[in-house]
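Here are the chains, one letter per residue:
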Amino acid sequence: MPSNREHLILGGGIIGCSIALELARRGESVTVVERHGEVGHGTTSASCAIVRCFYSTDTMTALAHEGASIWSAWREHLQPTQDEELARFLRCGMLFIQTTETSVVQETIARMQRHGVEVQWLDATQLRARFPYLDVASQFPVRSPDADDFFEPTGRQIAGAVHELKAGYVISPALATRNIRDAAARAGARFHLGDEVLAIEGSTGLGDTGVANGLVSDRFRLRMQSGKTLHGDVLVNAAGPHSSLVNRMAAVDLGIETRPLRREVHALSNPAHERPGVAPVPIVADIDSGLYFQPEAGGIDLLLGSLDPQGDVMEWLEDPDENDVQSSVACHERHLLRLMKRFPEVQFERKRGLGSMYDVTTLDWNPVLDRTDRPGYYVAIGTSGSSFKTAPVIGKLMTELITQVEAGHDHDQHPLQMRLEQTGIEIDLGFFSRLRGAHNSSNTVLG
Ligand SMILES: Cc1cc2nc3c(=O)[nH]c(=O)nc-3n(C[C@H](O)[C@H](O)[C@H](O)COP(=O)(O)OP(=O)(O)OC[C@H]3O[C@@H](n4cnc5c(N)ncnc54)[C@H](O)[C@@H]3O)c2cc1C
């Protein structure tokens, strides 16, 4: 039975839209509020949209595996009208290049296998045979291109790479978000676009000011830039890198920090595109070099980003609205010169790239998906550069959480358990609690 609550989702990225879809599918009244004129135009649009299951914990591996199952059945998930253009999940495989084959690497492989993920270990010789354009020299510890010895060989080889065979990426993240919006709209969700939330007001109970969809609610009043006021009983913070600002607007001290971290992603030509008899370039998380790269536009180009090796400056932003969307010459050079050691055929090209942001949970780089101490106020934040892949699952998870907590369940004391629909694995939603201690994590985007 649907409730008679009005749900407001603050943020029309892939997370907010996924939550709206699942709430609407349960017959709930839901409105997504987004300051851009279209959904998916925040940091989601800059996402590399990589879908992989290589994580440091069982819960994140399970969540990612469930996400991958949904992406591979995108049409079934959305049930679109026939003529709709849909995002595509391309499974090109992914390498995780390791300096040494530690017990942590072996445990990661074992964890992935336990969850049914297809994975194998390739030593340096096997890697070179399979992907001959990749150099197998070790670059660890990662040096700055400014260092005098940057071009000097280390004389060591990498140990090899974890090869996740069915990892891939989605084309395109913005289209995927619009697909979700359309599915949510078909299920009855509303979208209030092109209007910014300037203030969050309201009491903690039902009052007599304001009418929303026939309901009288004063729990949340959103003061909008347009001068309008939106009313709701439930408010979900899905504001991406603006999450901590929105928590402040709602006068909620979460007790767990989320912060915008500026990122740059650069594009370059793929020198090994369509080379006969050679495996196409997979996605590569080069942990040894502190880089990741992936095919783009069907493999004509590569996208290149950083895994934040030690020694690189982290660009934490106080104000997400101060993010410079232009990429910098210094970062472009740093990334590209490092890549040229791993992929020597890459040419030094003119700068093509953009600056965007992760919303990072500084504690452990895992998301915060939880209720808060303010009744009716929920958060789906701190996605730390890696929650595109899991967004459709997060939509289901948040819907279950909101439904149960609004019905009186004490999730803080008795964390909800949820069985994932595709993979059948049960996860403990307490993992994502704002009250948790730090989970095992690489404290990078790899989680
Ligand atoms: C460069 C980069 C690469 C990434 N690569 C990957 C990857 O390969 N794989 C992966 O799984 N994940 C990846 N991610 C992470 C993934 O893209 C994010 O976790 C995900 O897109 C976050 O979605 P979101 O909806 O929370 O945030 P957003 O898309 O930022 O949505 C939040 C929305 O809230 C709106 N908003 C904020 N404040 C207000 C307000 N006051 N009023 C109205 N609207 C407001 C914003 O306009 C925005 O549209 C990457 C991220 C980046 C930046």
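Residues numbered from 1 in each chain as written. Predicted model: local features only at pLDDT ≥ 70, side-chain atom pairs only at ≥ 80, totals over all residues.

Undergrad: Describe the overall build of the protein, with residues and values.
TA: Helices and strands together make up the secondary structure of the protein, namely nine helices and 24 strands. In summary, the protein has a C-alpha radius of gyration of 22 Å against a globular reference of 22 Å for 447 residues, a match within 12%. For the protein, the spread of C-alpha atoms along the three principal axes comes to 75 × 45 × 45 Å. Buried positions account for 48% of the 447 residues belonging to the protein. Sequence-distant contacts in the protein: of pairs separated by 6 or more residues, those separated by 24 or more amount to 72%. (Helix = DSSP H or I, 4+ residues; strand = E, 2+ residues; numbered from the N terminus. Rg over C-alpha atoms; globule rule 2.2 N^0.38 Å. Buried ≥ 20, exposed ≤ 12 C-beta atoms within 10 Å, placed from the backbone. Contact = placed C-beta atoms within 7 Å.)

Undergrad: With reference to specific residues and values, describe helix H6 (residues 173-186).
TA: Here H6 contains 14 residues, and its C-alpha end-to-end distance of 20 Å stays within 8% of the 20 Å for a straight helix at 1.5 Å per residue. In terms of residue burial, H6 counts as a mostly covered element, since ten of its 14 residues are buried. When H6 is considered as a whole, its buried residues turn out to be Pro-173, Ala-174, Ala-176, Thr-177, Arg-178, Asn-179, Ile-180, Arg-181, Ala-183 and Ala-184. On its buried side, H6 packs onto helix H1 (14-25), helix H3 (74-78), strand S8 (168-171) and strand S9 (190-193). Where H6 ends, the next residue or the one after it, Gly-188, has phi of about 110 degrees, a positive value. (Expected span 1.5 Å × (residues − 1).)

Undergrad: Help me get a handle on the site of the ligand, residues and values and all.
TA: Among the 38 residues in the neighbourhood of the ligand, the closest are listed as Gly-11, Gly-13, Gly-42, Ser-47 and Gly-240. At the level of secondary structure, the elements contributing two or more residues to the shell around the ligand comprise H1, strand S2 (29-34), strand S16 (258-269) and strand S20 (353-361). Taken together, the residues of the shell around the ligand sort by class into 16 nonpolar, 17 polar and five charged. Split by domain, the shell around the ligand shows at least three residues from each of two domains, domain 1 (6-85 + 172-257 + 364-432) and domain 2 (94-165 + 260-358). (Near = placed C-beta within 6 Å. Nonpolar A, V, L, I, M, F, W, Y, C, P; charged D, E, K, R; others polar. Domains from an automatic or database assignment.)

Undergrad: I'd like a rundown of the packing of H1 against H6, residues and numbers included.
TA: Between H1 and H6, the least distance of the axes is 8 Å, while the angle of their chain directions is 20 degrees. Comparing the axis directions of H1 and H6 gives the class roughly parallel. Regarding H1 and H6, the two cross each other, and that crossing is left-handed. Of the residues in H6, those in contact with Ile-14, Cys-17, Ser-18, Ala-20, Leu-21 and Ala-24 of H1 are Pro-173, Ala-176, Thr-177, Ile-180, Arg-181, Ala-183 and Ala-184. A per-class count over the contact of H1 with H6 returns ten nonpolar, two polar and one charged. (Axes fitted to C-alpha atoms, helices over the stretch in contact; angles between N-to-C directions. Parallel < 35°, antiparallel > 145°, perpendicular 65-115°, else oblique. Left-handed = near helix turned anticlockwise from the far one by under 90°.)

Undergrad: Explain the nonpolar core to me, and be specific about the residues and the numbers.
TA: Counting residues in each nonpolar core, the largest one holds 110 residues, and the members touching the most others are Ile-9, Leu-10, Ala-20, Val-236, Ala-380 and Met-398. Here the element with the most residues in this core is H1; it accounts for eight residues. A domain-level breakdown of this core finds at least three residues from each of domain 1 (6-85 + 172-257 + 364-432) and domain 2 (94-165 + 260-358). Look past the residues within four positions of Ile-9 in its chain and what remains in contact with it is Gly-16, Ile-19, Ala-20, Val-30, Val-32, Val-33, Val-236 and Ala-238. (Core = buried A, V, L, I, M, F, W, Y, C linked by C-beta atoms within 7 Å.)

Undergrad: How would you sum up the sheet that holds S2? Please name residues and give values.
TA: Spatially, S9-S2-S1-S15-S22-S21 is the arrangement adopted by the six strands of the open sheet, whose pairing is mixed. Looking at strand neighbours, the two that pair on one side only are S9 and strand S21 (368-371), the edges of this open sheet. Put simply, the sheet's adjacent strands are angled 15 degrees from each other on average, direction ignored. As paired strands, strand S1 (residues 6-10) and strand S15 (residues 234-237) are joined by four bridges and run parallel to one another. Looking at the pairing, Leu-10 lines up with Asn-237 of S15. Helix-sheet contacts for helix H9 (residues 391-406) involve S15, S21 and strand S22 (377-381), and the interaxial angle to S21 is about 20 degrees. (Pairing = 2+ DSSP bridges.)

Undergrad: So what about the pairing of strand S18 (residues 291-296)? Which residues, and what values?
TA: Most of S18 is tucked away: five of the six residues are buried. Two elements, strand S17 (residues 283-286) and S18, share three bridges in a ladder whose sense is antiparallel. When the sheet's bridge partners are listed, Asp-286 is paired in S18 with Leu-291. Hairpin connection between S17 and S18: a loop of four residues separates the two successive antiparallel strands, and Gly-290 in this loop has a positive phi of roughly 70 degrees. As defined by bridge partners, S18 adjoins strand S19 (residues 301-306) across six bridges and the pair is classed as antiparallel.

Undergrad: Outline the confidence of the model for the protein, listing residues and values.
TA: Mean pLDDT for the protein: 95, with 97% of residues reaching 70 or above. Residue range residues 205-216 is modelled with pLDDT below 50. Its contacts to residues more than four positions away, or to other chains, number 22 contacts. (pLDDT = per-residue confidence, 0-100.)

Undergrad: Quick one: what's the story with the sheet that holds strand S7 (residues 160-164), residue by residue and with numbers?
TA: In space, the eight strands of this open sheet follow the order S6-S7-S5-S17-S18-S19-S16-S20, with mixed pairing throughout. For this open sheet the edge positions go to strand S6 (119-123) and S20, each flanked by a neighbour on one side alone. Direction aside, neighbouring strands of the sheet carry axes that sit 25 degrees apart on average. Two strands pair when backbone bridges link them, and S16 and S20 are joined in this way by nine bridges, in the antiparallel orientation. If you follow Arg-263 over to S20, its bridge partner there is Ser-356. Packed on one face of the sheet, helix H8 (residues 329-342) meets S16, S17, S18, S19 and S20 and runs near 60 degrees to S16.

Undergrad: Explain the pairing of S22 to me, using residue names and the numbers behind them.
TA: Most of S22 sits inside the fold, with five of its five residues counted as buried. Residues Tyr-377, Val-379 and Ile-381 of S22 are buried on one face, and the alternating residues Tyr-378 and Ala-380, pointing to the opposite face, are buried as well. In this sheet, S22 lies alongside S15 in parallel orientation, the contact comprising three bridges. Counted as the bridge partner of Leu-235 is Tyr-377 from S22. Between S21 and S22, which follow one another and run antiparallel, lie five residues, and Gly-376 among them has a positive phi close to 85 degrees.

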